[in-house]
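A closer look at the structure
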Amino acid sequence: MLSPRAPAQSLEMANQVTHSSEKPETILTHGGRNPADHFGFVNTPVYRGSTVLFPTLDAIEGRTQPYGYGRTGNPSTTDVEAVVTALEGAAGTRLAPSGLSAITTALMSVVGSGDDILVTDSAYEPTRNVCNTVLGRMGVSTRYYDPRIGAGIADLIGPDTKAVFVESPGSLTFEIQDLPAIADAAHKVGAKVLIDNSWATPLYFKPLELGADMVIHAGTKMFVGHSDAMSGTISANAATFEQLAATHRAMGICAAPDEAYLIARGLRTLSIRMQEHRRRALDIASWLEGQDGVAAVLHPALESHPDNALFRRDFSGSGSLFSVLLEPAPREAVAALVDNMRVFGMGYSWGGYESLILPTKPGRVRTAVPWVAEGNLLRLHIGFEDVDDLKADLSDGLERYRAARAG
Ligand SMILES: *Cc1c(COP(=O)(O)O)cnc(C)c1O
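Rules behind the numbers
Residues numbered from 1 in each chain as written. Predicted model: local features only at pLDDT ≥ 70, side-chain atom pairs only at ≥ 80, totals over all residues. Heavy atoms only, no water. Helix = DSSP H or I, 4+ residues; strand = E, 2+ residues; numbered from the N terminus. Buried < 20%, exposed > 50% of the residue type's maximum accessible area, 1.4 Å probe, protein only. Polar contact = N/O pair within 3.5 Å; in protein donor to acceptor, adjacent residues only side chain to side chain. Near = heavy atom within 4 Å. Areas by Shrake-Rupley, 256 points an atom, 1.4 Å probe, with all protein chains shown as cover. Nonpolar A, V, L, I, M, F, W, Y, C, P; charged D, E, K, R; others polar. Contact = heavy atoms within 4.5 Å.

1. Some details on the environment of Thr 29
Take Thr 29: it is sitting in helix H1 (residues 24-30). By relative accessible area, which is 37% here, Thr 29 ends up partly exposed. As a C-alpha pair, Thr 29 and Phe 311 span 282 residues in sequence and 28 Å in three-dimensional space. In this structure the side chain of Thr 29 is engaged in a polar contact, spanning 2.6 Å, whose partner is the backbone oxygen of Glu 25.

The following block contains the structure:
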């Protein structure tokens, strides 16, 4: 059964091919595809299309066809939505053309003029940007809060607070947030809790089970997994999905079918990729802790991490990405390190098979809790190169850093 998304007015849940009792790896392998609908071909093809034809007046007025128009979905997109819905344990999922557009769509679906939202100070910087600019112009005010605030967020929540935005761990700085405590406080006043779950993926963290109302993924990262497509997903619980779907539809947000195909293909191997990313990243993170010139390694699965207990309580695994704080040194030392890497590439994004290094400056944007750590922060994404080659590359880089610092 294809059981696709029903046409526009219906809020029926997405594709039900997947049974919720199945384990994540079975969902990833079999979810959202039905070879019998495609002459036995294993993968759902790329449905490129705008117009969908209706045979009769009854059919076009009755809205009984599974698909009505390209923008509102086709099998390539609904199949991906079905997999993510099943993984997150959501009522439904919508695709967006990028992670950032998934975040903006999620926010737009819960706020209106005069409302106020609380956003973690550790949020991905473009999330802050849309809040400070577009949402601000629409009359929504944003306040930033300490990612480690936990139940204390109750003191910040006011009568106009409509949403609390969580990102755990935080971009660049990897604070773990107490999602259940935050959700409790938010729900007392009917505010919705939105979370960016790109780092852990639903394999290692299940925000809807811990009280979130909407879960966002930069599908560009782990879901696609090969640095070859942009995408975003938004999943919501039953109480929130209707408003999400309505806003998504009203704003005309849609994902390209070719990109949807790449997300579907990436998802099939998500679990085994995550296991390898996790193992390799942890290996390198703990090795880095002992290196000369390293002040701290910000990886929530390390015992040295201040939120390690919270991490172990709520997460079942860790991602590919962490940061390393180097002892203070001038900019030239950072340049000496990053300009001469042989294996690590320098660039934005993460989630692909290749390892990446990125110098970052979290202090530039923080407003709720100033970033006071001295030293240079580098974010690492650990891919699938040989771990010893990665360590050798970092080791040589650290030696250049120390030499430039001493010189
Ligand atoms: C990259 C990223 C996004 C945005 O995703 P795009 O697809 O690049 O728009 C959102 N959140 C986090 C945590 C990210 O790393």
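Structure shown, so let's carry the discussion forward.
2. Quick word on the site of the ligand
Within the structure, the ligand sits among 14 residues, and Gly 99, Leu 100, Asp 196, Thr 220 and Lys 221 are positioned closest to it. Thr 220 has a polar side-chain atom sitting 2.5 Å from an oxygen atom of the ligand. Contact distances for the ligand include 2.8 Å between an oxygen atom and a side-chain N or O atom of Trp 350. Relative to its free-state accessible area of 380 Å², the ligand is covered by the protein chains to the extent of 91%. Residue contributions to the shell around the ligand peak at three residues, all from helix H4 (residues 99-108). Class assignment of the residues belonging to the shell around the ligand gives a composition of six nonpolar, five polar and three charged.

3. Looking at the side chain of Arg 366
Among the secondary structure elements, Arg 366 is positioned in the loop between strand E11 (356-360) and strand E12 (376-381). When its relative accessible area of 11% is taken as the criterion, Arg 366 is described as buried. Of note is the side chain of Arg 366, whose polar atom sits 2.6 Å from the side chain of Thr 173. A polar contact of 3.0 Å, which involves the side chain of Arg 366, links it to the side chain of Glu 175. Apart from residues lying up to four places away in sequence, Arg 366 is in contact with Asp 121, Ser 122, Arg 128, Pro 147, Thr 173, Glu 175 and Trp 371.

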